[in-house]
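Report on the structure
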Amino acid sequence: MARIVGIDLGTTNSLVAYTDAQTGQPKCIPGPYGSTLCPSIVSLDPDGCVIVGEPARRRLLTQPERTIYSVKRLMGRGPADIQDELKLFPFRIDPSSKNVIRVRLGEKVFTPPEISAFILRELKNWAEAYFGETVDRVVITVPAYFNDAQRQATKDAGRIVGLEVLRLVNEPTAAALAYGLHEKQRGRVAVYDLGGGTFDISVLKLISTSDGDIYQVLSTNGDTHLGGDDIDNLLQSFIHELVLQHDEIDFSPHGELAQELRKALITVKHQLSESETATLRFSLPNGTVFVHEFTRGALEALIHPVVDRTVGPVKQALADARLKPADIEEVVLVGGATRTPLVRRTVQEFFGRKPHTELNPDEVVALGAAVQANILDRGVKRVLLLDVTPLSLGIETYGGAVAKIIPRNSTIPASAQELYTTGVDNQTGIDIHVLQGERELAKDCRSLARFNLRVPPAPAGLPRIEVKFLIDANGILQVAAKDLRTGDQHSIEVQPSYGINDSEIERMLEESIEYAEQDFAERQVIEARTEAESILTATAKALASPQAAGLSAEERAGIDASVAALKESVAGKDYKLIRKRIDELNRATEHLAELLMNSAVSTALEGRKLAEV
Amino acid sequence: MSTASTSTNPPLVCWNCHERTVGTHFCPSCGKLLQSPQAVDYFALFEMPRKLWIEMSGLEQRFLQLSWKLHPDNFVNASEQERELSLKRSSELNDAYRTLRDPVARVEYLLGIEGTRKEGEHKQQAPPELLEEVFELNESLDELREAKASGGDLAALKSRLESAEKHFQEKLGEVDAQLQSAAKEWDAALEGDAATRKKTMARLNDLLNRRSYIRNLVTNVQKELL
């Protein structure tokens, strides 16, 4: 019997979890590198192999033009939507992008759902290796504030890898489920979920009934483009400015320099969650090392605006639930960015109570997805989730105004009917434009779909067509029409404004098979090659720096020989040999590393590897 | 429906066992989820009389009970037909709960199914006794817009509008109170004669129109004050 799993498809990391049949407890599945976190990074090897996760992360430095991170930011969006993102993220958008964005990785282009599909396939492989059985069905989590197009794109990603997506579950709801099971919580709960790229706040009521426990979402709000990424961007532009002033070096978001800096800054950011000070050390192309001392206070002053942006949605969610902060009995923190002390303080001050952080904020969403997967699979009727639609659904009326037909925070599934007729004799169609959002004008809302309702010729006003708009349990819109005079049902082909159609998905499903999955040995080769590339790059850079003059001729010759030997081994497929040559080059460059370190800081750190300097 | 007895659906034929059934949600013969009736009646769905006073905790409990039974989660492994039915029926349940728990939407819905809801013929027309105040309000709004455009002093205009907003909020409160008492009249007249019921419905309808007019005023003022 094929297995079912829950997947948290995150902006920064993705995870896969299942529910243990014996204990009934959810558990995250570790990947081949021991961690349960799979970095949401995808790289396309020149030989056509797709690399996902940890090895792809290293290639951000060595092959940035073939590697992509934070693709979730692009899901369900059109080219016009993402101009701001392009200033900050190294997305290579292909000019062929029309309704759907196409991203370039090396010589190929992919849609965001295809790239997400590679991540899903990787996690599916993790789970199948763990169980020794196939996995064919999945529950995937999405930010609660995702709109219809973003949800549809996520579901498409599942279809592209041939997974049946049984349900999309909102991330904060999933987290509440995991916590509820863990803590046996009851009452009104607020879930504050600040992830890598998205922010959600959900207010829930946990109710015990004779049938079982109900998790009723009362309201939700958020920002699908607010998260830890934005903190990193702020830090990055802050350092860019400093470097620009001192050393006149410009960073574009593309290229390895920006990626190296980003990596170093993320480390500093994490250190500052634990300690009061941290030092950024960063080699510049001109051979100097840029050093900056951060204090936690300085970091907080810098990132304050990002954290403050979460407060508006929190207030709105409470107002929509008709509650005050004091009415909330428990607050739960979810998402890696909630490890930031400033975030914790902000939440604690707002609600006047200490938030729950007992469960790993990186894992809790995936655990909740696994619980829901188990409920759906086995018909465990002890728990029921009643979620809501985050955005109002409307239709365009005269003058570009929007008539709201399903208000935000309606429990889903939800529906609304509208009656249409014709204005002139023998009119053959009626244009319908469906939108999502809270604004009053169509141009300020999100266009979901436009379609033409076909009407049989008749005198004006005689046709009576009822159009039913239904938001299903995944938060995805379905439309059906009924001719009230004849009783005929019309199925309506709704072409989403930003999305891929069914035939494209079929094609992608076939193509995805072409992008070979690597077996274990191949993975090892790619891993070793990636590491080799990064040490070769670092060596070349170090040799070009002024400090390299401190090497003896003998040392220099030794390095050159080791470089040549490593390059030769990289051409082959013997990963053990590549590893051996990497070690040799590391030994040959020990003195060079010291020379570089000496010029940077007065204390020499012996035995450091060149790639770490 | 002229008595206070529970609002019920006409009998259906079960799509599965073809028995005629008077069940509301599940077929008493074969236990399958039933199709929804041609015209869904939210009161019938909750097996309640068409009364405007509803005990909220009872409504919520009934909603949660029915959610357990109708939610698509329960039909993941069922046939496609049943999955579709569950989606339809649970969306109707949620629509019904959303409508009935809101006192204003509830009146509007009731008048709709009784066939007596008539929106104001001239929606933009002010109720006569409010005419003067509305005129003043619109003048203040215009002045504020002009002042905003020309960079004039806003403080005085804003405070005038704020007190106007408060005034119309109070009016809204009055209409809500009137709606409530008219709703009680409706519940009392449920067993009574047709003429009284008709009169009550007309009054409810007028109050709804009046409420929606004032509600729009308040929203417009709030928008300008932001």
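Residues numbered from 1 in each chain as written. Chains lettered and ligands numbered in written order. Predicted model: local features only at pLDDT ≥ 70, side-chain atom pairs only at ≥ 80, totals over all residues. Heavy atoms only, no water.

**Regarding the overall build of chain B**
Inclusion rule: In DSSP terms, a helix is any run of H or I states spanning at least four residues, a strand is any run of E spanning at least two, and both are numbered starting from the N terminus. For this measure, only C-alpha atoms enter the radius of gyration; the expected value for a globule follows 2.2 Å times N^0.38, where N is the number of residues. Classification of residues uses two cut-offs on accessible area relative to the type maximum, computed with a 1.4 Å probe and protein chains only: under 20% is buried, over 50% is exposed, and between them is partly exposed. Working rule for contacts: check all heavy atoms of both residues, and any pair within 4.5 Å makes them a contact. Per-residue and other accessible areas follow the Shrake-Rupley method at a 1.4 Å probe size, with only the shown protein chains counted as cover for residues. In this tally, Lys and Arg are treated as positive and Asp and Glu as negative; His is ignored, and so are the chain termini. Taken as the charge location is NZ of Lys, CZ of Arg, CG of Asp or CD of Glu.
Within chain B, the secondary structure is distributed over seven helices and two strands. Here the C-alpha radius of gyration of chain B, 23 Å, is well above what a compact globule of 226 residues would show, namely 17 Å. Seen through its principal axes, chain B has C-alpha atoms that stretch 75 × 45 × 30 Å. Within chain B, buried positions represent 43% of all 226 residues. Expressed as a percentage of contacts within chain B between residues at least 6 apart in sequence, the contacts between residues at least 24 apart total 63%. Carbon and sulfur atoms form 50% of the exposed surface of chain B, whose accessible area is close to 12200 Å². Charge-centre separation for chain B: the mean point of 30 positive side chains lies 4 Å from the mean point of 36 negative side chains.

**Some points on the overall build of chain A**
If you tally the helices and strands in chain A, you get 16 helices and 26 strands. By principal-axis analysis of the C-alpha atoms, chain A measures approximately 95 × 55 × 55 Å. Taken over 613 residues, chain A has a buried fraction of 57%. For chain A, the share of sequence-separated contacts (at least 6 apart) that also reach a separation of at least 24 residues comes to 66%. Looking at chain A as shown, the accessible area adds up to about 25100 Å², and 50% of this sits on carbon and sulfur atoms. Looking at chain A, you have 68 positive and 85 negative side-chain charges, and the mean spots of the two groups are 3 Å apart.

**Remarks on the sheet that holds strand 20 (residues 402-406) of chain A**
All names here are of chain A. Formally: Should DSSP find at least two bridges between two strands, the strands are regarded as paired. For every element, the axis is a line fit to its C-alpha atoms; helices are fit only across the contacting stretch, and the angle between N-to-C directions ranges from 0 to 180 degrees.
Judged by pairing direction, the sheet is antiparallel, and its four strands sit side by side in the order 20-19-22-23 without closing on themselves. Edge positions in the sheet fall to strand 20 and strand 23 (446-454), since each of these pairs with one other strand and no more. Across the sheet, the mean angle from the axis of one strand to that of its neighbour is 30 degrees, orientation sign disregarded. In this structure, strand 19 (residues 393-396) lies alongside strand 22 (residues 429-436), joined through three bridges in antiparallel fashion. Looking across to strand 22, one finds that Gly 394 is bridged to Leu 435.

**Considerations on the pairing of strand 13 (residues 199-208) of chain A**
Put simply, side chains in a regular strand alternate between the two faces of the sheet. All names here are of chain A. Of all the 10 residues making up strand 13, eight are buried; the element is thus mostly covered by neighbouring parts of the structure. Where strand 12 (residues 187-194) and strand 13 come together, eight bridges link them in antiparallel fashion. For Val 191, the partnering residue across the bridge sits in strand 13 and is Ser 202. The antiparallel pairing of strand 12 with strand 13 creates a hairpin that spans four residues between the two strands. The sheet contact formed by strand 13 and strand 14 (residues 213-223) spans 10 bridges and is antiparallel. Bridge pairing links Val 203 to Ser 219 in strand 14. Linking strand 13 to strand 14, which pair antiparallel, is a turn of four residues; within it Gly 212 sits at a positive phi near 150 degrees.

**Concerning the nonpolar core**
For the record, the criterion: By nonpolar core we mean a set of buried residues, namely Ala, Val, Leu, Ile, Met, Phe, Trp, Tyr and Cys, connected to one another through side-chain atoms within 4.5 Å. What counts as a domain boundary in this text is fixed by an automatic or database domain assignment.
Membership of the largest hydrophobic core comes to 57 residues, with the highest contact counts inside it found for Phe 46, Leu 100, Leu 137 and Leu 204 of chain B. Split by domain, the residues of this core number at least three in each of domain 1 (3-101) and domain 2 (128-225) of chain B. Once residues within four sequence positions are removed from consideration, Phe 46 of chain B is found in contact with Leu 59, Arg 62, Phe 63, Leu 66, Leu 93, Ala 96, Tyr 97 and Leu 100 of chain B. Counting residues in hydrophobic clusters, the runner-up holds 53 residues, among them Cys 49, Val 103, Ile 119 and Ala 127 of chain A.

**Structural notes on the interface of chain A and chain B**
In plain terms, the rule: When two parts are put together, the accessible area they lose, computed with a 1.4 Å probe and summed over both, is reported as buried area. We count a salt bridge whenever a side-chain nitrogen from Lys or Arg sits within 4 Å of a carboxyl oxygen from Asp or Glu.
Each side of the interface is counted separately: chain A has 33 residues, and chain B has 23 residues. Of the roughly 2200 Å² buried where chain A meets chain B, counting both sides, 54% is carbon and sulfur surface. Inspection of the chain A/chain B interface yields two salt bridges. Among the salt bridges present, the one from Lys 205 of chain A reaches Glu 60 of chain B, with a minimum N-O distance of 2.9 Å. Elements that contribute at least two residues to the side of chain A that touches chain B include exactly strand 11 (164-170), strand 13, strand 14, helix 11 (364-378), strand 18 (383-386), strand 21 (414-420), strand 24 (465-471) and strand 25 (477-483) of chain A. Sorting elements by how many residues they give to the side of chain A that touches chain B places strand 18 of chain A first, with four residues.

**A closer look at helix 3 (residues 112-131) of chain A**
Residues and elements named next belong to chain A. Note the threshold: One less than the number of residues in a helix, times 1.5 Å, gives the span that helix is expected to have.
Its 20 residues place the ends of helix 3 29 Å apart at the C-alpha level, agreeing with the 28 Å of an ideal helix rising 1.5 Å per residue. The element helix 3 is extensively covered by neighbouring structure, given that 17 of its 20 residues are classed as buried. Just downstream of helix 3 lies Gly 132, where phi reads positive at about 70 degrees.

**Here's the deal with the pattern of salt bridges**
Inspection of every chain in the model, using the stated rule, returns 38 salt bridges over all chains. Its salt-bridge partner being Glu 54 of chain A, residue Arg 57 of chain A comes within 3.0 Å of it at the nearest N-O pair. Taken as a pair, Arg 57 of chain A and Glu 54 of chain A lie in helix 1 (residues 54-62) at a separation of three residues, close to a single helical turn. What makes Glu 54 of chain A partly exposed here is its relative accessible area of 24%. Between Glu 92 of chain B and Lys 88 of chain B there is a salt bridge, with the nearest N and O atoms lying 3.1 Å from each other. A residue pair is termed a helical-turn pair when its members lie 3 or 4 positions apart in one helix, as Glu 92 of chain B and Lys 88 of chain B do in helix 3 (residues 80-100) at four residues. Judged by its relative accessible area of 33%, Lys 88 of chain B falls in the partly exposed class. Taken together, the salt bridges that share partners define one network made up of Arg 73, Asp 229, Asp 230 and Arg 262 of chain A.

**Description of the packing of helix 8 (residues 296-308) of chain A against helix 10 (residues 341-351) of chain A**
Residues and elements named next belong to chain A. The test is simple: What sets the label is the angle itself: under 35 degrees gives roughly parallel, over 145 gives roughly antiparallel, 65 to 115 gives roughly perpendicular, and the rest give oblique. Each crossing is labelled by how the near helix is turned from the far one, with a counterclockwise turn of less than a right angle marking it left-handed and a clockwise turn marking it right-handed. Gly is put with the polar residues, along with every residue not named as nonpolar or charged; the nonpolar set is Ala, Val, Leu, Ile, Met, Phe, Trp, Tyr, Cys and Pro, and the charged set is Asp, Glu, Lys and Arg.
Their axes nearest at 9 Å, the elements helix 8 and helix 10 cross at an angle of 55 degrees. Relative to helix 10, the element helix 8 is oriented oblique. Crossing handedness for the pair helix 8 and helix 10: right-handed. On the side of helix 8, the interface is formed by Arg 296, Glu 300, Ile 303, His 304 and Val 307, while helix 10 contributes Pro 341, Leu 342, Val 343, Arg 345 and Thr 346. Looking at side-chain class alone, the contact of helix 8 with helix 10 contains five nonpolar, two polar and three charged residues.

**Some thoughts on the domain arrangement of chain B**
Residue and element names in this part refer to chain B. According to the domain assignment, chain B contains domain 1 (3-101) and domain 2 (128-225). Tallying the contact residues gives six residues for domain 1 and six residues for domain 2. Carbon and sulfur atoms make up 66% of the surface buried where domain 1 meets domain 2, a total of about 550 Å² over both sides. Classifying every residue of the side of domain 1 that touches domain 2 gives three nonpolar, one polar and two charged.

**A word on the environment of Asp 362 of chain A**
Residue and element names in this part refer to chain A. Here is the rule we go by: Contacts described as polar in this section are N or O atom pairs within 3.5 Å, which, within protein, must combine one atom able to donate a hydrogen with one able to accept it, while residues neighboring in sequence count only if both atoms come from side chains.
The residue Asp 362 is located in the loop between helix 10 and helix 11 in this model. The sequence separation of Asp 362 and Arg 507 amounts to 145 residues, and the corresponding C-alpha distance is 34 Å. Apart from residues no more than four positions distant in its own chain, Asp 362 is found in contact with Asp 8, Leu 15, Leu 37, Gly 336 and Arg 339. For Asp 362, the side chain forms a polar contact with the side chain of Arg 339, separated by 3.0 Å.

**Some words on the pairing of strand 2 (residues 13-19) of chain A**
Residue and element names in this part refer to chain A. Most of strand 2 is tucked away: seven of the seven residues are buried. Relative to strand 2, strand 1 (residues 3-9) is paired through four bridges, and the arrangement is antiparallel. Paired with Asp 8 across the two strands is Leu 15, which belongs to strand 2. In sequence, strand 1 turns back onto strand 2 through a hairpin of three residues. As paired elements, strand 2 and strand 4 (residues 38-39) share two bridges and run antiparallel to each other.

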